[in-house]
Amino acid sequence: MSVHREQTQTSASLEANFAEVVPALKPKEAIDEANRCLFCYDAPCIKACPTSIDIPSFIKKIATGNLLGSARTIMEANPVGASCARVCPTEELCEGACVLNHASKPIMIGLLQRHATDWAIKNRQVLFQPGEKNGKRVAIVGGGPAGLSAARELARLGYAVTVFEAREKAGGLNTYGIVSFRLPQEISLWEVQQVEKLGVGIRTNTKVGIDVQPQELLEQYDSVLLAVGMGEVPRLNIEGEELDGVLDAISLVEETKTRPLPDRMFGKKVLVIGAGNTAIDAATSSKRLGAGQVQILYRRTEKEMTCYQFEYEFAKQDGVEFRWLVAPTRIIGENGKVTGLELMRMELGEPDAKGRRKPVPVPDSQFTVETDFVVKAIGQTRHVPLIEAFGLQHHNGIVAVESGTYRTSDPRVYAAGDVIFGGGGTDAMVVDAANHGVRAAQAIHAALSEQRQTV
């Protein structure tokens with residue numbers, strides 16, 4: 001067999017590894033599942049959804065063959081509802097609240113939501129129209145789930161909206177940061193198109209603070225919404241971090257979504273540091289890139305990890321191993337490349353500010369593990385310089401906002417999404433960001449409407 005043919009087969013195999021792992025419902029399966037719904041009057045599933053989608057209504061429309069109406073009901077409440085159909089922890093939210101949990105099994109709400117939105121995508125539906133122009137302009141900094149949701153809502157209310165996005169494409173986490181076998185990039189980009197078709201201007205490759213200054217936005221727009229999400233993975237601050245083979249989990253996932261899939265991990269050993277959802281994505285991506293052994297290292301235990309339970313189970317099914325109560329102390333290398341990782345054993349002490357027991361090093365417990373790659377997945381930095389350039393009050397990069405209004409310390413500036421989320425024991429969800437964006441847009445509308453009435 002020629003080298004070219006081997007490379008072609010390898011490439012095809014990798015592509016197959018990154019195809020969606022959860023199959024869609026077939027039309028009859030969707031109708032049968034929809035007809036199981038009790039269409040509760042005071043539906044607990046609606047209350048469990050952060051964006052309050054009218055779940056019985058969209059399911060009933062599927063049952064009656066009205067897929068356009070179903071998709072509109074979903075996207076009306078959640079402007080990134082097609083993505084959320086795939087990435088929401090439904091067993092903890094809507095499906096977890098389904099009354100049928102006590103009788104048989106919950107309605108497959110996530111798959112039904114995907115069925116309706118997939119139909120809209122396949123049939124190139126434009127679900128909403130812009131509102132009558134009101135003469136007001138709003139700038140949105142960040143084109144992720146929160147920013148897009150706010151842009152969609154404001155455009156329907158008649159505002160001239162411009163989104164400033166630092167990346168080549170909008171969509172944020174959904175476009176770049178969630179593995180393709182869970183969320184294909186084209187789903188997120190369809191949601192971006194839905195927003196653009198409302199007349200929203202999206203200026204990509206534009207960094208606020210570099211290409212355009214905060215003061216310019218404050219002067220040129222009636223309101224500004226800060227929805228920049230999170231930054232890069234921070235440094236481990238240990239010896240050897242500059243070696244070839246030390247990777248950033250976010251960059252690794254992005255690479256699998258935006259470039260030809262690399263073959264550098266075939267048969268290699270990979271260690272992933274961290275136990276959040278991004279760590280899981282990095283580990284499962286590594287397995288699907290052909291790594292022979294992948295281990296997740298976490299300084300606490302299974303009980304304290306922040307990833308979703310379904311992500312944890314999926315990783316184990318993919319062959320990812322977990323090592324608890326260990327922390328990295330030194331990355332070892334030869335000739336500029338990673339060859340191993342020195343670890344220290346940990347034990348749990350008193351609870352920290354988030355309520356999780358704090359890991360404490362065990363003296364003289366260092367040991368070394370051989371590896372070819374070390375992947376950092378220990379959270380993300382905050383956009384503190386940009387926040388301070390706007391002159392906003394914040395706590396360690398978490399912007400302070402008024403409860404219910406999303407207004408910051410500057411009454412002209414609002415904030416939504418990950419930039420205001422923090423301090424809890426779990427990561428923010430995409431659906432939380434969508435909810436923040438919609439609510440912030442409504443608050444901006446209320447404030448600007450009040451200004452017009454008093455002029």
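Everything numeric in this text was worked out from a predicted model, so none of it was measured. (Residues numbered from 1 in each chain as written. Predicted model: local features only at pLDDT ≥ 70, side-chain atom pairs only at ≥ 80, totals over all residues. Heavy atoms only, no water.)

(A) Up close: the side chain of S365. Note on placement: S365 falls in the loop between strand 11 (357–361) and strand 12 (367–370). Classification of S365 by relative accessible area gives buried; the value is 10%. Ignoring sequence-local partners within four residues, the contact set of S365 consists of L343, M344 and R345. (Helix = DSSP H or I, 4+ residues; strand = E, 2+ residues; numbered from the N terminus. Buried < 20%, exposed > 50% of the residue type's maximum accessible area, 1.4 Å probe, protein only. Contact = heavy atoms within 4.5 Å.)

(B) View of helix 11 (residues 185–196). If you check helix 11, its first and last C-alpha atoms are 17 Å apart, about what 12 residues at 1.5 Å a residue would give, namely 16 Å. Every buried residue of helix 11 is listed here: Q185, I187, S188, W190, E191, V192, Q194 and V195. (Expected span 1.5 Å × (residues − 1).)

(C) Inspection of the layout of surface pockets at higher detail. As a volume, the second largest pocket reaches approximately 450 Å³. Lining the second largest pocket are 18 residues; nearest its centre among them are V22, R86, T90, R182 and F310. Among the secondary structure elements, those contributing two or more residues to the lining of the second largest pocket are helix 6 (81–87), helix 8 (109–122) and helix 15 (309–317). Here the residues of the lining of the second largest pocket are counted per class, giving 9 nonpolar, 3 polar and 6 charged. Residue assignment places the lining of the second largest pocket across two domains, with domain 1 (24–123) and domain 3 (246–376) each supplying three or more. (1 Å grid on protein atoms, 1.4 Å probe; cavity = no way out; pocket = protein on both sides within 12 Å on 5 of 7 lines; lining within 4 Å. Points joined across faces, edges and corners; volume = space filled by probe spheres on them. Nonpolar A, V, L, I, M, F, W, Y, C, P; charged D, E, K, R; others polar. Domains from an automatic or database assignment.)

(D) Representation of the sheet that holds strand 16 (residues 413–415) within the structure. Spatially, the 5 strands line up as an open sheet ordered 3-2-1-4-16, and their pairing is parallel. Each end of this open sheet is capped by a strand with a single partner; those strands are strand 3 (201–203) and strand 16. Along the sheet, successive strands turn relative to each other by an average axial angle of 20°, direction set aside. Here strand 4 (residues 223–226) pairs with strand 16 via 3 bridges, running parallel. Bridging across to strand 16, L225 finds its partner in Y414. (Pairing = 2+ DSSP bridges. Axes fitted to C-alpha atoms, helices over the stretch in contact; angles between N-to-C directions.)

(E) Quick look at the sheet that holds strand 6 (residues 269–273). Spatially, the 5 strands line up as an open sheet ordered 5-13-6-7-8, and their pairing is parallel. The open sheet has two edge strands with one neighbour each: strand 5 (246–248) and strand 8 (321–324). Between one strand and the next, the sheet's axes are offset by a mean angle of 25°, whatever the strand orientation. In this fold helix 13 (residues 249–258) packs onto strand 5 and strand 13 (373–376), with an angle of close to 75° to the strand it touches most, strand 5.

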